[in-house]
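Read off the chains here:
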Amino acid sequence: MNDALTRVPTAPLLQWDEKNGPYRATPHPTTAIVDHALATLAADAADLLTGPDAERLTACQSSPCNRYLLRHGRRQWCSTRCGDRARAARAYARRAQPQD
């Protein structure tokens, strides 16, 4: 993540325009579009990991899913699909248990 964060400048540079004079802008060369996109994603991820919502970050409770989500209320799964998969597995396990 740090590699992606350091590949592009984060401070807007001083630029000059004949019509408007000096202004500040972050350079965004077309040759570094991927680096800029990765840096933006890495910055958002770093903000999430270090911000006030960091304690809400949790792994999806549906195996074999490896995604994460921000807990909200009783939510345990990253998506409806994972929730459906977990509920179906529980129902199957109940039906597969031998009856006494």
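The structure presented is a predicted model; accordingly, all values stated were derived computationally and were not measured.

**Q** Requested: an account of the UniProt feature "domain: Zinc finger CGNR" (unreviewed entry) in the chain, with residues and values cited.
**A** Residues annotated in UniProt with the feature "domain: Zinc finger CGNR" (unreviewed entry) correspond here to residues 56–95. Along residues 56–95, the helical share is 40% and the strand share 15%, with 34 Å between the first and last C-alpha atoms.

**Q** Residues and numbers for the pattern of salt bridges, please.
**A** Two side chains of opposite charge can pair, provided their charged atoms sit close to one another. Tallied over the entire structure, the rule returns two salt bridges. The partner of R56 in a salt bridge is D53, and the shortest N-O contact between them spans 3.3 Å. The shortest N-O distance in the salt bridge between D84 and R87 comes to 2.9 Å. Here D84 pairs with R87, and both are found in helix α3 (residues 80–96), just three residues apart, close to one helical turn. Since its relative accessible area comes to 40%, D84 is described here as partly exposed.

Conventions used here
Residues numbered from 1 in each chain as written. Predicted model: local features only at pLDDT ≥ 70, side-chain atom pairs only at ≥ 80, totals over all residues. Heavy atoms only, no water. UniProt positions renumbered as here; feature names shortened; annotations may be inferred. Helix = DSSP H or I, 4+ residues; strand = E, 2+ residues; numbered from the N terminus. Salt bridge = Lys/Arg side-chain N within 4 Å of Asp/Glu carboxyl O. Buried < 20%, exposed > 50% of the residue type's maximum accessible area, 1.4 Å probe, protein only.

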